[in-house]
Amino acid sequence: MSRTPARTAATLVPASLAAALLGAVLLVAPAHAVTETDTTTDTTTVTWGVRPADAPQHDPGRPNFAYVATPGETVEDGLVVSNHGAAETTLRVYVADAFTTSRGVLDLLRPDEESTGVGAWATVATPEITIPAGESVVVPFTLAVPVDAEPGDHAGGVVTSLASTQADGVSVDRRLGARIHLRVDGPVTPGVALEDTRVAHRGVLNPVGAGSAVVDVDVVNTGNVRVGGEATVTVAGPFGWGERVERVDVPELLPGERTTVAVTVGDVLPLLRLGATVRLAPQVATDGSALEAVTATAATAAVPWSLLVLILLAVAAVVAARWRARRRAAATERLVAEAVAAARAEADPVAVP
């Protein structure tokens, strides 16, 4: 699947969906979403959870849907949706493509956005379900992998959605979903690149204090499988002076995606010129296999402005002091000269007629 730049989640749903997807991935126990509808006369709390259905061909308690399939193969599975509230709940169910947000988390396309991968290949048996209080239902879905599907990793999710309108008229769509990770059989070509590396120095008012360096780099998944990894960012002055190192985890990227990783390196001295080196040790997300490290560099000026201002003020003070001293000396000399002239005038003999 190819989807360029990492994007920000939809305005009305980011927190609920991001949290839901994260929970579905990280928690073995069922994930839960809570939404509340309050009016002046009635208060209703809706709580539901989702998890992959148990199936003989899959491990029990699996946290998400993960498949390896050949082009043309069809996969059938199910999502368990549990109503933990005290009232009957009606939810919409659909499948959508996944993407990585600018915050490095997995999100899904909104219902009004067109899916071209997993979201387009999957069909749910029941697009809308009504669940009695305290009960669960299984929503079957079918994933039909096209015969011309590109080899590698594809991602999406099965989403349950509860749309509501608040008292102020704002429409809110609460969503909770479970990930789908699909590996299509074929040649696997993992790859990562670092592009557009930037570094900027932030000084401090303290003329002898250290500032920080902000390093930004675009990480691009150039292969056809999911990759992540750890980046080491090194910032140093000429000849390696004042070297500082920071490490940061690079979020998992789907094939064709890119994200900007920003790292702030502290305690960096303004050594006139700073060089930054980013070294990424990528790993394939599915099996943790290591790929060849990639590096990128950038440089920037790091002028110690506070120190320069202090030096200029000191020089100005010295010059001013010397100028005042010279003026005082000149004034003194002038007074002495005037006094001598006056004394000589008084001492000159007066001619007697």
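Residues numbered from 1 in each chain as written. Predicted model: local features only at pLDDT ≥ 70, side-chain atom pairs only at ≥ 80, totals over all residues. Heavy atoms only, no water.

S.K.: Quick question: what am I supposed to make of the overall build of the chain here?
M.R.: Along the chain, the regular secondary structure elements total 3 helices and 18 strands. Evaluated residue by residue, the chain yields a buried proportion of 41% over its 353 residues. Contacts in the chain between residues far apart in sequence, at least 24 positions, make up 70% of those at least 6 positions apart. When the accessible area of the chain is evaluated, it comes to approximately 18,700 Å², of which 56% is carbon and sulfur surface. (Helix = DSSP H or I, 4+ residues; strand = E, 2+ residues; numbered from the N terminus. Buried < 20%, exposed > 50% of the residue type's maximum accessible area, 1.4 Å probe, protein only. Contact = heavy atoms within 4.5 Å. Areas by Shrake-Rupley, 256 points an atom, 1.4 Å probe, with all protein chains shown as cover.)

S.K.: Explain the sheet that holds strand β15 (residues 244–253) to me, please; I cannot follow it from the model alone.
M.R.: Strands in a sheet are paired, the pairing made by backbone hydrogen bonds, and the direction either parallel or antiparallel. If you walk across this open sheet you meet the 4 strands as β15-β14-β17-β18, and the pairing is antiparallel. Taken across any chain shown, the strands that pair with only one partner, and hence form the sheet edges, are β15 and β18 (294–302). Between one strand axis and the next, the sheet turns by 20 degrees as a mean value, whatever way the strands run. The pairing of strand β14 (residues 227–236) with strand β17 (residues 272–284) spans 10 bridges and is antiparallel. (Pairing = 2+ DSSP bridges. Axes fitted to C-alpha atoms, helices over the stretch in contact; angles between N-to-C directions.)

S.K.: Any chance you could explain the side chain of Thr 89 here in plain terms?
M.R.: Examined against the element boundaries, Thr 89 turns out to sit in strand β5 (residues 89–100). The class for Thr 89 is buried, based on a relative accessible area of 6%. A polar atom in the side chain of Thr 89 sits 3.3 Å from the side chain of Asn 83. In contact with Thr 89, other than residues within four places in its own chain, are Val 46, Asn 83, Ile 129, Thr 130 and Ile 131. (Polar contact = N/O pair within 3.5 Å; in protein donor to acceptor, adjacent residues only side chain to side chain.)

S.K.: Is there a simple way to think about the packing of aromatic side chains in this case?
M.R.: The geometry of an aromatic ring pair is captured by two quantities: the separation of the ring centres and the angle between the planes. Overall, the coordinates contain 3 aromatic pairs when judged by the stated rule. An angle of 85 degrees between the planes, with centres 5.1 Å apart, marks the rings of Phe 65 and Phe 141 as edge-to-face. Of the two residues, Phe 65 sits in strand β3 (residues 65–69) while Phe 141 sits in strand β9 (residues 136–144), which places them 76 residues apart along the sequence. On the basis of relative accessible area, Phe 65 is assigned to the buried category, the value being 0%. Overall, the relative accessible area of 1% leaves Phe 141 in the buried class. (Phe/Tyr/Trp six-rings, centres within 6.5 Å; stacked < 30°, edge-to-face > 60°.)

S.K.: What exactly am I supposed to notice about the environment of Gly 237 here?
M.R.: Here Gly 237 lies in the loop between β14 and β15. Among all residues touching Gly 237, those that are not within four sequence positions of it are Leu 271, Arg 273 and Leu 274.

S.K.: Which parts of the structure should I look at to understand the side chain of Asp 77?
M.R.: Relative to the helices and strands, Asp 77 resides in strand β4 (residues 74–83). According to the relative accessible area criterion, Asp 77 is buried, its value standing at 10%. Here Arg 62 takes part through its side chain, which lies 2.7 Å from a polar atom of the side chain of Asp 77. The contact partners of Asp 77, leaving out residues within four places of it in the chain, are Ala 53, His 58, Arg 62, Phe 65, Tyr 67, Val 139, Pro 140 and Phe 141.

S.K.: Would you take a moment to explain the pairing of β3 for this structure?
M.R.: Both faces of the sheet carry side chains from a regular strand, because those side chains alternate between them. Only one face of β3 is buried: it carries Phe 65, Tyr 67 and Ala 69, and the other face, with Ala 66 and Val 68, is open. As paired elements, β3 and strand β11 (residues 171–184) share 5 bridges and run parallel to each other. Within β11, the position partnered with Tyr 67 by the bridge is Leu 182.

S.K.: Quick question: what am I supposed to make of the pairing of strand β10 (residues 152–165) here?
M.R.: In terms of burial, β10 is largely enclosed, as 12 of its 14 residues are buried. The pairing of β5 with β10 spans 6 bridges and is antiparallel. Across the sheet, the residue bridging to Tyr 94 is Val 159, located in β10. Where β10 folds back onto β11 in an antiparallel hairpin, the turn is made up of 5 residues, including Gly 169, whose phi is positive at roughly 90 degrees.

S.K.: What is the right way to read the environment of Asp 153 from this model?
M.R.: Relative to the helices and strands, Asp 153 is located in strand β10. Engagement of the side chain of Asp 153 in a polar contact is seen with the backbone nitrogen of Arg 226, the distance being 2.7 Å.

S.K.: Got a minute to help me understand the nonpolar core in this structure?
M.R.: Generally speaking, a soluble globular protein has its nonpolar side chains buried in company with each other. The biggest cluster of nonpolar side chains holds 30 residues, and the ones touching the most others in it are Val 81, Leu 143, Ile 180 and Leu 182. When residues in this core are grouped by element, the largest group, 5 residues, is from β11. (Core = buried A, V, L, I, M, F, W, Y, C linked by side-chain atoms within 4.5 Å.)

S.K.: Looking at this structure, how should I read the pattern of salt bridges?
M.R.: Once the charged atoms of two side chains with opposite charge are near each other, the side chains can pair. Counting across every chain of the model gives 11 salt bridges. A salt bridge links Glu 195 to Arg 258; its shortest N-O distance comes to 2.7 Å. Residue Glu 195 is located in strand β12 (residues 192–202), and its partner Arg 258 is located in strand β16 (residues 258–268); the two are separated by 63 residues in the primary sequence. With a relative accessible area of 32%, Glu 195 lands in the partly exposed category. Look at Arg 258 and you get partly exposed, because its relative accessible area is 29%. A network of salt bridges, in which partner residues are shared, links Glu 195, Asp 196, Arg 198, Asp 218 and Arg 258. (Salt bridge = Lys/Arg side-chain N within 4 Å of Asp/Glu carboxyl O.)

S.K.: In this structure, what is going on with the confidence of the model for the chain? I would like to understand it.
M.R.: Caution applies to low-pLDDT regions: their predicted coordinates should not be interpreted in detail. A residue-level look at the chain finds 86% of positions with pLDDT of 70 or above and a mean pLDDT of 85. A low-confidence stretch, residues 1–37 stays under pLDDT 50, and its non-local contacts, those more than four residues away or across chains, total 99 contacts. (pLDDT = per-residue confidence, 0-100.)

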